[in-house]
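Listed below are the residues making up each chain.
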2 protein chains.
Amino acid sequence: MKVEQLGRHILAEFYNCDSDILNDHKLIEKYMTEAAEVANATVVTSNFHMFNPWGVSGVVVIQESHLTIHTWPEYGYASIDLFTCGDEVNPWLSFEYLKEKLKAEKTETEEVSRGLVDRIRKHSNNKHQDIKFKVSV
Amino acid sequence: MKVEQLGRHILAEFYNCDSDILNDHKLIEKYMTEAAEVANATVVTSNFHMFNPWGVSGVVVIQESHLTIHTWPEYGYASIDLFTCGDEVNPWLSFEYLKEKLKAEKTETEEVSRGLVDRIRKHSNNKHQDIKFKVSV
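Per-chain numbering applies: the sequence of each chain, read as written, is numbered from 1 onward. The order in which chains are written sets their letters, starting at A; the order in which ligands are written sets their numbers, starting at 1. The predicted origin of the model limits local features to residues at a pLDDT of at least 70 and limits the giving and counting of side-chain atom pairs to 80 or more, whereas totals for whole chains, interfaces and linings rest on all residues. As a convention, hydrogens and water are excluded, and side-chain values are obtained from all of the structure's heavy atoms.

The name recorded for chain A in an unreviewed UniProt entry is S-adenosylmethionine decarboxylase proenzyme, from Alkaliphilus metalliredigens. UniProt positions are given in the numbering used here, feature names are shortened, and annotations may be inferred rather than shown by experiment. The heading Catalytic activity (unreviewed entry) in the UniProt record of chain A holds the text "S-adenosyl-L-methionine + H(+) = S-adenosyl 3-(methylsulfanyl)propylamine + CO2". Chain A has a UniProt comment under Subunit (unreviewed entry) that states "Heterotetramer of two alpha and two beta chains arranged as a dimer of alpha/beta heterodimers."

A. Representation of the relation of the copies chain B and chain A in the model. Expressed as a screw transformation, the operator carrying chain B onto chain A has a rotation angle of 180 degrees and an axial translation of 0.0 Å, and the superposed copies differ by an RMSD of 0.0 Å. When the rotation and shift are considered jointly, the pair of chain copies conforms to a two-fold rotation axis. Nearest to the rotation axis, the C-alpha of Val59(B) is located 3.9 Å from it, this being the minimum over chain B. Copy-to-copy alignment: least squares on C-alpha atoms, limited to residues at pLDDT 70 or above in both.

B. View of the packing of aromatic side chains. In this analysis, rings of Phe, Tyr and Trp, with Trp reduced to its six-membered ring, are considered paired at centre separations within 6.5 Å, and the interplanar angle assigns stacked below 30 degrees, edge-to-face beyond 60, and tilted for intermediate values. Applying the stated criterion to the full structure yields eight aromatic pairs over all chains. For the pair Phe14(A) and Phe95(A), a centre-to-centre distance of 5.6 Å together with 90 degrees between the ring planes defines the contact as edge-to-face. Placement of the pair is Phe14(A) in strand β1 (residues 4-15) and Phe95(A) in helix α3 (residues 91-101), with a sequence separation of 81 residues. Residue Phe14(A) shares its accessibility class with Phe95(A), and that shared class is buried. Seen from their ring centres, Trp72(B) and Tyr77(B) are 5.5 Å apart, and the 45 degrees between their planes marks the pair as tilted. Relative accessible area decides the class of each residue, using a 1.4 Å probe on protein chains only: under 20% of the type maximum gives buried, over 50% gives exposed, and in between gives partly exposed. With relative accessibility at 0%, the residue Tyr77(B) sits in the buried group. Among the aromatic side chains, those forming a connected cluster through ring pairs are Phe14(A), Trp92(A) and Phe95(A). Note on conventions: DSSP H or I runs of at least 4 residues are helices, E runs of at least 2 residues are strands, and numbering of each starts at the N terminus.

Structure follows, in C-alpha cells:
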C-alpha cells in the first residue's frame, strides 16, 4: 500500500543516555546538526539553549522541516522529534546517529504521517486535487 | 487515572486555512509567538523562514519546550506541533488561538505524552526514582 503524505515525523524517547552529554549544549548542537546532515537534510539554522540548573533545548531548522531535542540530564532522558519532507531525506538515519551519540540504552519511537494527501483533498472540499506529494512510504 | 509525564505534545493538522496568511511569514511568526504567550509560555527565541516559491517554516523556542509550524499555502495546509512542559502552560490554548488566526476550516489533533515517568524509571533500571514530574493529566 502506498500512502501519500507531505512529511514524516518520528517522535523518539531516549532513555538512560549519557547524562554529561545531555547537559552539554555545544555537543548536543553539534550532534543534532550532524544528525540532519547524515539524513541528507539541508540545515537552514540552529538554536540551542542551556537551562538552569540542567537541560538543553534546541532546534535545527532544515529546508525539509525540523529536528528538535529537549534533555533532562538528571534522568538520562531526551525527547527528540525528527520531522522531514521529501523522498531525499531519511529521518531514521538521524535517529540511528543520535542513538549512538547520546548513548541511549533504550529508545521508543513512533512514526506519524503528516499532511496526508487524501485528507488535504477531502478537507479542502476537493479544491486541491493536484497535490505533488513529496513522500510515499 | 493520573499519568505522570514530563511534557505534552499536540500534533495538529490544519486544513483549508487562509492561503494568504499561510504564505506570510511575518504574520505567521506573529501568530505563533502570540500563541505561545496565550498558553502562558515564556518565549526564548523564534526563527521563521519563507520558502521559494511558497511556504513558511518556523519555530518558537519557549522555556517550556517549543512550537513549530510548516505551511503549504498552495494546499491550504499547515502542520503544527505544540510541545510544552509543566502544569503552568496549556498547549490547547495555543491550538485554539492558531485555529482561529489561520482560519482553519478543519483540524485533526493527537496529544502524545512525552517523558512518561514510569518508563524513565523502568528504562534507567530504577536508577532515577525521585522524578519531579511536571505534568499530570
